[in-house]
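Each chain, written out:
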Amino acid sequence: MDSDAFVFFGASGDLAQKKIFPALQALAGDGRLDIPVIGIARSNWSDAHFREHAKAAIQKHGKLDAKAFQHLAQRLHYVRGDYADAQTFKRLVTALNGAARPLHYLAIPPSRFETVIEGLKAAGCTQGARVVVEKPFGRDLQSARALNAALHQSFDESSVFRIDHYLGKEPVQNLLYYRFANAFLEPIWSRDHVASVQITMAESFGVQGRGAFYDEVGTLRDVVQNHMLQVLTLLAMDPPISQDAEALRSEKLRLFQAIRPLSPADVVRGQFLGYHDEKGVAPDSNVETFVAVRLAIDTWRWAGVPFYIRAGKCLPLTCTEVHVDLKAPPQALFPKDPPHAANFVRFRLSPDVAIGQGARIKAPGEGMVGQGVELVAEPDTREDMLPYERLLGDALRGDATLFTRDDCVEAAWQIVDPVLDAAAPVEVYTPGTWGPPASDELIEGQGSWHNPSLDKST
Ligand code: NDP
């Protein structure tokens, strides 16, 4: 059943401004938001001020649609109060005005998650309700387990929606679609034909003034444990028996459980030169701004195939790309070809979207010498739905397909848990390079990293 009120904690925060208000306006514009929308935070605001704040946020971070915004504004209410104060939740009960199936969205610092869950329960606001929990979900396996336990005190797992906005992105959804809507990929999608897989998430910028936040987190926690491992599951999991949320998430879980927990030898951590000068960063910080990992998947499909993930800040460009290297033909019929001239499949996830099939063709001339070509499909890249619009719309309808289940989030932490923090040394790299040289050594024996390019002619 659809939720009959949308309550969001953190209504005056950064995420609300950047993502939540634009998504709410889009839902209102699509006629999918005919319920009260209640924002809660500490700031001493009136309903009128809250509406003005929402309008300014949409103007800054999206595009104001006068009609849709009016529809949203009529439904917007503000509740002021500290989350540690029971009176805040009494005011929420009044604002809910008898709504029986509210969706509570925790867009707040993780340190406040449990306080709000307890406050909601004490005020009787959890019965019939759903809850959306923002990332990060824990900072290691132990804290993720504790948060799951706290949630389950008040909510049934079927009512819990752990958000990873990455899963709401069109090109990420397309990975799942492309893999299982085409039969031709399946026969080659295993250790028989795949030599190795690389996933690169590169950002050309640094911590952008969020040094204090980043210094508590680091690259492994910020993007690998969640976004990159989710991309890996979509690439490597077996076909789910249906599109149903549980079928899909169970298949992901099977894959997570087959990924060997990382050891320090599988990890290279880097930190860009100058990170210590960022505001909010500890002078002796050894938090990583770059990480490269080598993963092994112990299944019949993938035994012996290395999966590499590399992510970092201050790299040469901003781009996310998957590169699946296929094995070379069993016999070197054309020995003049370079040894690593294997074929490949490439998925560009951002900033543009493309699916490429790399192959070799004969170069013109007398000798049987080849050259690489790529057949590229560039799907329509219009994001006709914001990821947060898609995800909040799904949560309001109770569709959990794009949200992470309790066992999956714990299984993902289990993979990275042994190498969090200082498990491997951190090596300094020059901004504008592809991280520390040790990341090249990690991949030795499998060729080298495929550095994405934004130049379409290469
Ligand atoms: P902010 O610090 O900007 O906002 C925090 C919000 O929580 C404010 O509305 C603040 O209210 C409210 N708040 C905090 N403590 C209390 C309290 N004790 N009582 C009442 N209200 C309180 O955080 P963000 O918006 O940046 O982040 C929110 C969540 O979203 C985090 O989990 C973050 O990891 C996640 N996230 C954020 C992203 C971003 O780009 N910002 C991206 C992806 C995820 P007030 O201002 O009135 O004090």
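### Notes on the domain arrangement of the chain
Step number 1: Domain boundaries in the chain define domain 1 (5-134) and domain 2 (167-386 + 403-442).
Step number 2: Spacing between the C-alpha centres of domain 1 and domain 2 amounts to 35 Å.

### Brief notes about the sheet that holds strand β2 (residues 37-41)
Step number 1: If you trace the six strands from one edge of the open sheet to the other, you get β3-β2-β1-β4-β5-β6, paired in parallel fashion. A strand with exactly one partner marks an edge of an open sheet, and here the two such strands are β3 (76-80) and β6 (160-162). Strand-to-strand twist of the sheet, defined as the mean angle between neighbouring strand axes without regard to direction, takes the value 20°.
Step number 2: Direction of pairing for strand β4 (residues 102-106) relative to strand β5 (residues 130-133): parallel, over a ladder of four bridges. Bridge pairing links Leu103 to Arg130 in β5.
Step number 3: The sheet strands contacting helix α4 (residues 86-96) are β1 (5-9), β2, β3 and β4, and the helix crosses β3 at an angle near 160°.

### Quick word on the sheet that holds strand β14 (residues 370-377)
Step number 1: Ordered by their spatial adjacency, nine strands build an open sheet running β14-β13-β12-β11-β7-β10-β9-β8-β15, and the pairing between neighbours is mixed. A single partner strand is all that each edge strand has here, and the edge strands are β14 and β15 (426-429). For this sheet, the mean inter-axis angle between neighbouring strands, taken without regard to orientation, is 20°.
Step number 2: When strand β8 (residues 267-272) meets strand β9 (residues 290-295), the two strands line up antiparallel, connected through four bridges. From the neighbouring strand, Val267 faces β9, where its bridge partner is Val293.
Step number 3: Against the sheet, helix α9 (residues 218-236) contacts β7 (194-202), β9, β10 (307-312), β11 (319-326) and β12 (344-350), and its axis sits at roughly 145° relative to β10.

Basis of the calculations
- Residues numbered from 1 in each chain as written.
- Predicted model: local features only at pLDDT ≥ 70, side-chain atom pairs only at ≥ 80, totals over all residues.
- Heavy atoms only, no water.
- Domains from an automatic or database assignment.
- Pairing = 2+ DSSP bridges.
- Helix = DSSP H or I, 4+ residues; strand = E, 2+ residues; numbered from the N terminus.
- Axes fitted to C-alpha atoms, helices over the stretch in contact; angles between N-to-C directions.
- Contact = heavy atoms within 4.5 Å.

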